[in-house]
Amino acid sequence: MLWATYWHPMPSDYAEVRSWVQHWLVSGTSPYGAPGLQVDYLPHALLLFAPLAVLPDATGALWFAVLSVCLAAAGTVLLVVVMGRLAGARLTSVEVAATTAMFMSVRPMRLALLGGQTMPFALLLSAVALTLARQRPLMAGVCLALAAYKLNVAAAFGLALLLFGQFVPIAWALLVFVGMTWLTSAVIGETVWALLRGYAVQVTTLYGGADFLRGATGIRPVLASVIPDIVVVNVAAVLFGAGLLVTMVELLRRVRHRREAAPLAVACAMLWALAVFPHQLYNVVLAAPAVLLVHWPESTLVKQPRLRWLAACLALVYLLPSVPGDLQRALEPSWFRVDEISGGWLTAVWPHRARMFVFMLLALCLAELVRLVRTGPVRMLESDACSVRS
């Protein structure tokens, strides 16, 4: 992958973000609204990625790819370790490495790293925030605020902290975000309102209209495919997200004293963000907590083997590349046609494989929360009760 990055660099987030920073440093003005630039990151990203401007033109993409691979691996490892601790699972180093390799090796993640995606930095910062939330809320808030340049990623971890009841890191994150935005406006020489207005205009221009909030994992494209009125689609998507969130919060509130509540809260927060916000395929790494809950022997989700095996099959489907198109190209000009054999349904369904994967995991987690609510408080073993009485 790194060799391909050096010899065949792709149009990437790296080149785009670097052009924003260079415009600011050379002209001394905000890149929002500048000709030829499409800035869809919040203002503090200019300060955060300012070091990209000093990277050499010839090998800068290669060095950034190396850094992205390391950051993505570190963020995934940290997320797996945190989930292991929350669930009380005794993960070995081999299990942690294997889980990390599984998510690092999926085709969308490989293409994202090859294309210079900046998401790995947000993933690592958000995972650090989740790790430090209880012991060091200020540092957790700083990390979450820095990660907010990728709003869809930071929002998932922020929701996880809220479901945990960790409100102090969220408060610190908001304060730090305001401070960073003010600092950016002071450095650039424009008001905070002008920067945020420029950001809002860019986002609505890039993602507005019929394609607004489209992604590879969310519910909105499905609604848009069956509802012609874009206003009705927006209202239905908002109602779906709000209803799902209220359901999750109520179920988690009822089981908040059980050990299983903490890892399920993280998994549900990540899956809710994937189902509601626009995400590309490589962001399905946020489903790692739910995948781990499905496959860990210590997890209570093993009590639902049929749904568990279905989720495992969908995970394998997601891990595969674009099989129908690859088969079509490999077997031409043979008489065999994938689309004709399947009646057209395979190539129609295949683009939604990540969405099916996310919603199946979400159904699994919600079903487990309902089961925990129905079983009620955990009963003590008879031996434990005897020891308490004695």
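Residues numbered from 1 in each chain as written. Predicted model: local features only at pLDDT ≥ 70, side-chain atom pairs only at ≥ 80, totals over all residues. Heavy atoms only, no water.

Caption draft 1: Representation of the overall build of the chain in the model. Along the backbone of the chain there are 21 helices and 0 strands. Every one of the 390 residues in the chain was classed for burial, and the buried ones make up 46%. Relative to all contacts within the chain whose residues are 6 or more apart in sequence, the contacts with residues 24 or more apart total 74%. Total accessible area on the chain stands at roughly 19200 Å², and carbon and sulfur atoms take up 69% of it. (Helix = DSSP H or I, 4+ residues; strand = E, 2+ residues; numbered from the N terminus. Buried < 20%, exposed > 50% of the residue type's maximum accessible area, 1.4 Å probe, protein only. Contact = heavy atoms within 4.5 Å. Areas by Shrake-Rupley, 256 points an atom, 1.4 Å probe, with all protein chains shown as cover.)

Caption draft 2: Looking closely at helix H14 (residues 261-276). Compared with an ideal rise of 1.5 Å per residue, which puts 16 residues at 22 Å, H14 spans 22 Å between its outermost C-alpha atoms and is within 8% of the ideal. Most of H14 sits inside the fold, with 16 of its 16 residues counted as buried. (Expected span 1.5 Å × (residues − 1).)

Caption draft 3: Seen up close, the environment of Leu114. Along the chain, Leu114 falls in helix H6 (residues 107-114). Once the C-alpha coordinates of Leu114 and Ser12 are considered, the two residues, 102 residues apart in sequence, prove to be 8.3 Å apart.

Caption draft 4: Expanded view of the layout of surface pockets. Its boundaries defined by the atoms lining it, the second largest pocket holds a volume of some 280 Å³. If you go around the second largest pocket, you meet 14 residues; those closest to its centre are Leu144, Ala148, Leu151, Ala173 and Leu174. Those elements that place two or more of their residues in the lining of the second largest pocket are helix H8 (137-147), helix H9 (151-164) and helix H10 (167-188). With 6 residues, H9 is the single largest residue contributor to the lining of the second largest pocket. Residues of the lining of the second largest pocket, tallied by class, amount to 13 nonpolar, 1 polar and no charged. (1 Å grid on protein atoms, 1.4 Å probe; cavity = no way out; pocket = protein on both sides within 12 Å on 5 of 7 lines; lining within 4 Å. Points joined across faces, edges and corners; volume = space filled by probe spheres on them. Nonpolar A, V, L, I, M, F, W, Y, C, P; charged D, E, K, R; others polar.)

Caption draft 5: Region of interest: the confidence of the model for the chain. On average, residues of the chain score 78 in pLDDT, and 76% of them are at 70 or above. Low pLDDT, under 50, characterises residues 1-9; the predicted model gives this stretch 17 contacts beyond four residues in sequence or across chains. A low-confidence stretch, residues 378-390 stays under pLDDT 50, and its non-local contacts, those more than four residues away or across chains, total 3 contacts. (pLDDT = per-residue confidence, 0-100.)

Caption draft 6: Spatial organisation of a nonpolar patch on the surface. Taken together, the side chains of Leu138, Val168, Trp172 and Leu175 present a nonpolar region at the surface, about 380 Å² in accessible area. At 3 residues, H10 tops the list of elements feeding residues into the nonpolar patch. Along the chain, the position of Trp172 falls in helix H10. The exposure class of Trp172 is partly exposed, given its relative accessible area of 35%. (Patch = residues over 30% accessible without salt bridge, like charges linked within 9 Å, V, L, I, M, F, W, Y side chains within 5 Å. Salt bridge = Lys/Arg side-chain N within 4 Å of Asp/Glu carboxyl O.)

Caption draft 7: Local environment of the packing of helix H4 (residues 60-87) against H14. H14 packs onto H4 with a crossing angle of 145 degrees between their chain directions and a minimal axis gap of 7 Å. The hand of the H4/H14 crossing is left-handed. Residues Met83, Leu86 and Ala87 of H4 pack against Ala262, Pro263 and Val266 of H14. Broken down by class, the residue content of the contact of H4 with H14 amounts to 6 nonpolar, no polar and no charged. (Axes fitted to C-alpha atoms, helices over the stretch in contact; angles between N-to-C directions. Left-handed = near helix turned anticlockwise from the far one by under 90°.)

Caption draft 8: View of the pattern of salt bridges. Here the structure, examined in full by the defined rule, presents 3 salt bridges. When the shortest N-O distance is used, the salt bridge between Glu250 and Arg253 registers 2.7 Å. Of this pair, Glu250 and Arg253 both sit in helix H13 (residues 230-254), 3 residues apart, which is roughly one turn of that helix. One salt bridge connects Arg254 with Glu250, and the closest N-O pair in it is separated by 3.0 Å. Of the two residues, Arg254 and Glu250 both sit in helix H13, 4 residues apart, roughly one turn of that helix. Accessibility expressed as a relative area gives 29% for Glu250, which makes it partly exposed.

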